[in-house]
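# Breakdown of the fold
The lines below spell out each chain.
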Amino acid sequence: MYLYQFIVSSISALGFALVFQVPKKALVISSLNAGVGWLIYRLIINKTKSVYMATFLSAFVIALISEFCAKIFKHPALIFIVPGVINLCPGQAIYDTMKFFINNQSQAVLLSLFKTMAIAGAIAFGILLSSSFSSNLKHFRIRKTKRTNYLRIKK
């Protein structure tokens, strides 16, 4: 079952990558990234039953893989992030929010809107955290042992 979901997720991300005009040599990688992200999402859903945690962690992993692939393929990370995250978008929650809004069910609208915003926030926070983690690693370097000793008194 997981293999089937991986394949379907990768194919759907490939379609979105074609719509967003992702460069040809990045098409397969970005779609495989989406498949891996979806597998992580499903595994965490099965373990924790938390949509928010699953969305956050899968978006974080998708963004980490995207940052890594961006360095290898010399493309912006966004080319790999957008098709990867598209399967995590809260389409059902948005649909439910609009349905409750049209049917004038104000309490259900607020609950569904909260769920939609929380899922979108989890995606955004996962990408943000991964991006900041990656940028911190770019500036990290091992310092040489040779340093200036400021405590030494010059004569």
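It should be emphasised that the depicted structure is a prediction, and the values quoted were computed from it without experimental measurement.

## Considerations on a nonpolar patch on the surface
A contiguous nonpolar surface patch, about 450 Å² in accessible area, is contributed by Ile94, Met98, Phe101 and Ile102. In this fold, Phe101 is placed in helix α5 (residues 91–102).

## A few points about helix α3 (residues 51–73)
In this model α3 runs 32 Å from its N-terminal to its C-terminal C-alpha over 23 residues, within 8% of the 33 Å that 1.5 Å per residue would give. When α3 is considered as a whole, its buried residues turn out to be Ala54, Thr55, Phe56, Ser58, Ala59, Phe60, Ile62, Ala63, Ser66, Glu67, Cys69 and Ala70. Phi turns positive, to about 60 degrees, at Lys74, one or two residues after α3.

## Here's the deal with unusual backbone geometry
Not every positive phi belongs to a glycine, and Gln21 is a case in point at roughly 55 degrees. Locating Gln21 in the fold gives a position in the loop between α1 (2–19) and α2 (24–48).

Thresholds applied
- Residues numbered from 1 in each chain as written.
- Predicted model: local features only at pLDDT ≥ 70, side-chain atom pairs only at ≥ 80, totals over all residues.
- Heavy atoms only, no water.
- Patch = residues over 30% accessible without salt bridge, like charges linked within 9 Å, V, L, I, M, F, W, Y side chains within 5 Å.
- Areas by Shrake-Rupley, 256 points an atom, 1.4 Å probe, with all protein chains shown as cover.
- Salt bridge = Lys/Arg side-chain N within 4 Å of Asp/Glu carboxyl O.
- Helix = DSSP H or I, 4+ residues; strand = E, 2+ residues; numbered from the N terminus.
- Expected span 1.5 Å × (residues − 1).
- Buried < 20%, exposed > 50% of the residue type's maximum accessible area, 1.4 Å probe, protein only.

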